[in-house]
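The lines below spell out each chain.
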Amino acid sequence: MNKTTLIRLGYGLLLTALLAAPQVAYPVLLMKVLCFALFACAFNLLLGYTGLLSFGHAAFFGTAAYVAGYAMKAWLLPTPTSILLGTLAAAALGWLFGSLAIRRQGIYFAMVTLALAQMMYFFFIQAPFTGGEDGLQGVPRGSLFGIVSLADDLNLYYFVLAICVAGFWLIHRTIHSPFGQVLKAIRENEGRAISLGYDVARYKLLAFVLSAGLAGLAGATKAVVFGFASLTDAHWHMSGDVVLMTIVGGLGTIFGPVVGASIIVILEDQLADKVGSLVSVIMGCIFVTCVLLFRRGIVGEIAALKQRYS
């Protein structure tokens, strides 16, 4: 059995496990894990494969959540259409932010994205359609093509799973495409990529827009799952959380962000009622431990050990 067959078999087993997961776990928690896993994978596409550290990805996550939620609540649009609208809004905002920030590098790029994201945060506080500090509440789940009710947790879970699998497939295809190889070349040696004739700024902008759109897809889906969009979705803490998820799982790996998001979301869910505000301290300790002892992240360290002893 060759390597390609083993990989396909692994993907098949993983998909089977996800299909059966609602039988043994709470569907809403599983949907939250899926949404944040997609968010982390979108961020990893930018940082792990392009080498661009953004501290403003919460702006895209929150924008899509607000746009999709408002489209469903006020305009009574179908759920898939609203999610698509939120995703497009996030991608458009990503193009605007990227156009302003992409020619900066390192900490300057990170600070520009953070400043732009904070501008969006304060806009959401003042905008009349967001509900201010109360958030946009009462977002209906709607139905799928007017046939399948998404008010049922199980139906919604499989809808969310389909969205996230499609998002993961797009990221996987992007990484293993010629476009993805150019992104890796830019990450490794931007000067050499320029000398080879690549329009580095254009590739960075495309990666930024794609990452923003996928982050928006996660945010819009999350708004449907929980029935609201709030300022938390657009706060800089959310940008910090996605950095934590990606680094804990494994920067620049396919499944690292998925593992990192699963660990962080499940720990927060299990510990919130037991330790209260100390959850942030525990998350910080986990982050410091990973940086000091597992610099490649959980999946990265496992891959390194496998390569060392194979």
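Details of the structure are given in the entry above.
Residues numbered from 1 in each chain as written. Predicted model: local features only at pLDDT ≥ 70, side-chain atom pairs only at ≥ 80, totals over all residues. Heavy atoms only, no water.

Applying the stated criterion to the full structure yields five salt bridges. Among the salt bridges present, the one from Arg-141 reaches Asp-153, with a minimum N-O distance of 2.7 Å. In this pair, Arg-141 sits in the loop between α5 (106–126) and β1 (143–144) while Asp-153 sits in helix α6 (residues 153–175), placing the two residues 12 residues apart along the sequence. In this structure Asp-153 comes out as partly exposed when scored by relative accessible area, which is 25%. Between Glu-301 and Arg-296 there is a salt bridge; the shortest N-O distance is 3.5 Å. Arg-296 gets classed as partly exposed once you look at its relative accessible area, which sits at 45%. (Salt bridge = Lys/Arg side-chain N within 4 Å of Asp/Glu carboxyl O. Helix = DSSP H or I, 4+ residues; strand = E, 2+ residues; numbered from the N terminus. Buried < 20%, exposed > 50% of the residue type's maximum accessible area, 1.4 Å probe, protein only.)

Let's shift gears to the side chain of Ser-54. Following the sequence through the fold, Ser-54 ends up in the loop between α2 (27–50) and α3 (58–73). Among the polar contacts made by the side chain of Ser-54, one reaches the side chain of His-57 at a distance of 3.2 Å. Every residue in contact with Ser-54, bar those within four places of it in the chain, is listed here: Phe-43, Leu-46, Phe-109, Thr-113 and Val-243. (Polar contact = N/O pair within 3.5 Å; in protein donor to acceptor, adjacent residues only side chain to side chain. Contact = heavy atoms within 4.5 Å.)

The next point concerns the packing of helix α4 (residues 79–101) against α5. Packing of α4 against α5 brings their axes to within 10 Å, and their N-to-C directions diverge by 140 degrees. In terms of axis orientation, α4 runs oblique to α5. The way α4 lies across α5 gives a crossing that is right-handed. Counted together, Leu-93, Phe-97, Leu-100 and Ala-101 of α4 and Phe-109, Val-112, Thr-113, Leu-116, Ala-117 and Met-120 of α5 form the full contact between these two elements. For the contact of α4 with α5, the per-class residue count stands at nine nonpolar, one polar and no charged. (Axes fitted to C-alpha atoms, helices over the stretch in contact; angles between N-to-C directions. Parallel < 35°, antiparallel > 145°, perpendicular 65-115°, else oblique. Left-handed = near helix turned anticlockwise from the far one by under 90°. Nonpolar A, V, L, I, M, F, W, Y, C, P; charged D, E, K, R; others polar.)

Turning to helix α7 (residues 178–188), a few remarks are in order. All of the buried residues in α7 are Gly-180, Val-182, Leu-183 and Ile-186. Each buried residue of α7 lies within a common arc of 155 degrees when the element is viewed along its axis, so the set occupies one face. Turned more than 90 degrees off the buried face of α7, the exposed positions are Pro-178 and Glu-188. (Arc of directions from axis to C-beta.)

So, on to the packing of aromatic side chains. If you walk through the whole model with that rule in mind, you get 17 aromatic pairs. Where Phe-60 meets Phe-208, the ring centres are 5.7 Å apart and the plane angle is 90 degrees; that geometry is what we call edge-to-face. Of this pair, Phe-60 sits in helix α3 while Phe-208 sits in helix α9 (residues 200–226), placing them 148 residues apart in sequence. For Phe-208, a relative accessible area of 0% corresponds to the buried category. Ring geometry for Tyr-70 and Trp-75: centres 5.4 Å apart, planes at 80 degrees, overall edge-to-face. Here a set of aromatic residues connected by ring pairs shows up, and it is made of Tyr-66, Tyr-70, Trp-75, Phe-123, Phe-124 and Phe-129. Here the basic side chain of Arg-202 rests over the ring of Tyr-203, its NZ or CZ set 6.0 Å away from the ring centre. (Phe/Tyr/Trp six-rings, centres within 6.5 Å; stacked < 30°, edge-to-face > 60°. Lys NZ or Arg CZ within 6 Å of the ring centre and 35° of its normal.)

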